[in-house]
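# Survey of secondary and tertiary structure
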Amino acid sequence: MTREHYIPFNKEFLLEQQINTFSEDPKKVDEFKKLFDIIEHYFHYEAFNLNRNLKQNYALFDPDLSLKERKSFMGKSDFSLFKATLLTVLEQGNYIRIDQETLDKAFQNSDLIGLKLSIDFNAFQDYELYVRGHHKSKEKVKKYFFWKKEIEIEYYDRVMIYLHYNDTHFLKQKKVKLGKMPIEPGSVVLKIFKRVPKNDIETIFPNAIPRMSTTDKLLLWVPGIFGGISLLSAKVIPALINMYNAYETGETIDLLDSKTSLNQGLIALGILSLYLFRQYNNFVNKKIKYSKILSDSLYFKNLGNNSGAFYSLLNSSEEEVLKETILAYTFLYKSSKPLTAEELDSQIESWFETNLKTDLDFDVKDALEKLKNIGLGIETNGKWEVLPFDQALITIDELWDGVFDYNQVQSYKDLKLQRD
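These notes cover the structure that comes with them. (Residues numbered from 1 in each chain as written. Predicted model: local features only at pLDDT ≥ 70, side-chain atom pairs only at ≥ 80, totals over all residues. Heavy atoms only, no water.)

Another point: the overall build of the chain. Within the chain one finds 13 helices and ten strands. When the 420 residues of the chain are sorted by exposure, 39% land in the buried category. Long-range pairs, those at least 24 residues apart, make up 76% of the contacts in the chain between residues at least 6 apart in sequence. Summing over all exposed atoms, the chain offers an accessible surface of approximately 24,600 Å²; the carbon and sulfur share of this is 54%. (Helix = DSSP H or I, 4+ residues; strand = E, 2+ residues; numbered from the N terminus. Buried < 20%, exposed > 50% of the residue type's maximum accessible area, 1.4 Å probe, protein only. Contact = heavy atoms within 4.5 Å. Areas by Shrake-Rupley, 256 points an atom, 1.4 Å probe, with all protein chains shown as cover.)

Encoded structure:
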């Protein structure tokens, strides 16, 4: 898998790591903490505005709201604004979209359940999956009888699924059974999960139905059909015919031999039936295992649904932005000379690899843009530097003061006195 922008360490840990570089100067440590405390609050304010924007423009498509509540947002919710804001939040949170090729491979393979799932994609006008972070883990998987094989499974740390359901008219044209749909047509569903196996990612689709794979069908029907026909034609049917003919004609036959042949055939059919039952039971057990995985996803892996998912997304987005800003500011501050974006990027990535044994692709472009937007980063001829702590504190304080301009407006009492 390609390197990600995602930084797999929390902001408190990274902040402490950077504070350690100023440990010999208590004043700088105090100023550094103050600076990033106010920056964090400012980013939280920005996240609040994004959340308000998302909720306003999503309400009309939120399946958790009643029909009456949704109708009240007619003309107020803008789908294009909702989608654009959602993509902005996902990008800031360093989520990446899974391409169709990766999805197709996941649909064909299975690490844990060994079961083919059928998904009716006609139900969706659009569907997208976004992931962030990944790790590998050793798991024991049952192969044959009591033999378990240890395999390495790749997991996504976070997965968000976006499902835009088709409207009623389209679904009727495609003969989708509306009565079995748990979601109202036209709705947009959002779900976030943790620790999802890469090759079993299709299990998070709400309309995934277990189906027999080609291998399961062959193991069930080929022995059943050919074995059954062979036993019936070679043993059971001839024995029954002989016994019936003897009864009709009164001819004497070796009844013991006919009964033996009949019993052998029936015993063989019984064994074949047990085999077929075992094969079908294996499929049923896989369905039960899938149901268990689905239950775990709903109760233990699900981190948020629909508008409730915004808080998880915005929290991760806010934290990623802050972590990138902390790192970019600190490395530029410590540098004895201005740095190009490439030099800064190389230094930060080398620090992660050397100190934290982590290989990542630091998003230096976003980090520098954020520093510039809040007035702490200065670019001159393609080289970057930052304001020192004392100036940075004044600048960010002025930025906060400018968020609300109510103090610039004269009070109603003052205006009245001027008129009088």
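Moving on to the packing of helix α1 (residues 11-19) against helix α9 (residues 309-334). Interaxial distance between α1 and α9 falls to 10 Å at its minimum, and their mutual angle equals 10°. Taken together, the axes of α1 and α9 are roughly parallel relative to one another. Counted together, Lys11, Leu14, Leu15 and Gln18 of α1 and Glu319, Leu322, Lys323, Ile326, Leu327, Thr330, Phe331 and Lys334 of α9 form the full contact between these two elements. (Axes fitted to C-alpha atoms, helices over the stretch in contact; angles between N-to-C directions. Parallel < 35°, antiparallel > 145°, perpendicular 65-115°, else oblique.)

For the rest of this paragraph, the subject is the sheet that holds strand β9 (residues 377-380). One open sheet accounts for three strands, arranged β8-β10-β9; its pairing is antiparallel. This sheet does not close on itself; its edge strands, each paired only once, are β8 (339-340) and β9. Relative to strand β10 (residues 383-386), β9 is paired through four bridges, and the arrangement is antiparallel. Residue pairing for β10: Glu379 is matched across the bridge by Trp384. Contacting β8 and β10, α9 runs over the sheet at an angle of about 95° to β10. (Pairing = 2+ DSSP bridges.)

Looking now at the pattern of salt bridges. Evaluated as defined, the whole model comprises 13 salt bridges. We note a salt bridge from Asp30 to Lys34, for which the minimum N-O separation is 3.2 Å. Of this pair, Asp30 and Lys34 both sit in helix α2 (residues 26-58), four residues apart, which is roughly one turn of the helix. On the basis of relative accessible area, Asp30 is assigned to the partly exposed category, the value being 38%. One salt bridge connects Glu154 with Lys198, and the closest N-O pair in it is separated by 4.0 Å. (Salt bridge = Lys/Arg side-chain N within 4 Å of Asp/Glu carboxyl O.)

Let us now look at the packing of aromatic side chains. On inspection of all chains with the given rule, the structure shows 29 aromatic pairs. Here Phe22 and Phe32 contribute two aromatic rings whose centre-to-centre distance is 5.3 Å and whose plane-to-plane angle is 45°, an arrangement assigned as tilted. Of the two residues, Phe22 sits in the loop between α1 and α2 while Phe32 sits in helix α2, which places them ten residues apart along the sequence. According to the relative accessible area criterion, Phe22 is buried, its value standing at 7%. Against the face of Tyr155 rests Arg195, its NZ or CZ located 4.0 Å from the ring centre. In this structure, Lys334 packs its charged tip against the face of Phe331, placed 4.5 Å from the ring centre. (Phe/Tyr/Trp six-rings, centres within 6.5 Å; stacked < 30°, edge-to-face > 60°. Lys NZ or Arg CZ within 6 Å of the ring centre and 35° of its normal.)

The next point concerns helix α11 (residues 364-373). When α11 is considered as a whole, its buried residues turn out to be Val364, Ala367, Leu368, Lys370 and Leu371. Buried residues of α11, seen end-on, are gathered within an arc of 160° and therefore sit on one face of the element. Facing away from the buried surface of α11 by more than 90 degrees, the exposed residues are Lys365 and Asn373. Its buried side turned inward, α11 meets α2, α9, α10 (341-356), β9 and β10. (Arc of directions from axis to C-beta.)

So, on to the environment of Arg158. Inspection of the secondary structure assignment puts Arg158 in strand β4 (residues 147-165). Counting along the chain gives 144 residues from Arg158 to Asn302, while the straight-line C-alpha distance between them is 9.8 Å. Each residue touching Arg158, except ones within four places of it in the same chain, is listed here: Tyr95, Tyr130, Val131, Arg132, Gly133, Phe193, Lys194 and Leu303.

Moving on, we come to the nonpolar core. Ranked by internal contacts, the top residues of the largest apolar core, which has 41 residues, are Leu35, Ile39, Leu327, Tyr329, Leu344, Phe352 and Leu376. At the level of elements, α1, α2, α9, α10, α11, β10 and α12 (389-401) are the ones that each hand at least two residues to this core. In this structure, Leu35 is in contact with Tyr329, Leu376, Phe389, Ala392, Leu393 and Ile396, ignoring residues within four places of it in sequence. (Core = buried A, V, L, I, M, F, W, Y, C linked by side-chain atoms within 4.5 Å.)

A few words now on the side chain of Asn57. Considering the arrangement of structural elements, one finds Asn57 in helix α2. Here the side chain of Asn57 touches Asp78 through a polar contact of 3.0 Å, landing on its backbone nitrogen. Excluding residues that lie within four positions of it along the chain, Asn57 makes contacts with Lys76, Ser77, Asp78, Leu81 and Phe82. (Polar contact = N/O pair within 3.5 Å; in protein donor to acceptor, adjacent residues only side chain to side chain.)

For Arg195, which is not a glycine, the phi torsion comes out positive at approximately 50°. Secondary-structure assignment places Arg195 in strand β5 (residues 188-197).

With respect to the helices and strands, Ser72 occurs in the loop between α3 (67-71) and α4 (79-92). For Ser72, a relative accessible area of 40% translates into the label partly exposed.

Let's shift gears to the side chain of Asp363. Of note, Asp363 is situated in the loop between α10 and α11. Although Asp363 lies buried, it forms no salt bridge, and the closest oppositely charged side chain, Lys365, sits 7.6 Å away as judged by the N-O distance. (Lys, Arg positive; Asp, Glu negative; His and termini not counted.)

Where α4 contacts α9, the axes come no closer than 7 Å and their chain directions differ by 50°. Between α4 and α9, the angle is such that the two are oblique. Judged by the sense of rotation from one axis to the other, the crossing of α4 with α9 is left-handed. In this structure, α4 contributes Phe82, Leu86, Val89, Leu90 and Gln92 to the contact, and α9 contributes Phe310, Leu313, Leu314, Ser317, Glu320 and Val321. (Left-handed = near helix turned anticlockwise from the far one by under 90°.)

As a further point, take the environment of Glu379. Locating Glu379 in the fold gives a position in strand β9. The partly exposed category is assigned to Glu379, whose relative accessible area is 42%. Along the backbone, Glu379 and Leu339 are 40 residues apart, and their C-alpha atoms lie at a distance of 9.3 Å. Sequence-distant contacts of Glu379, defined by excluding residues within four places in its chain, comprise Lys372 and Trp384.

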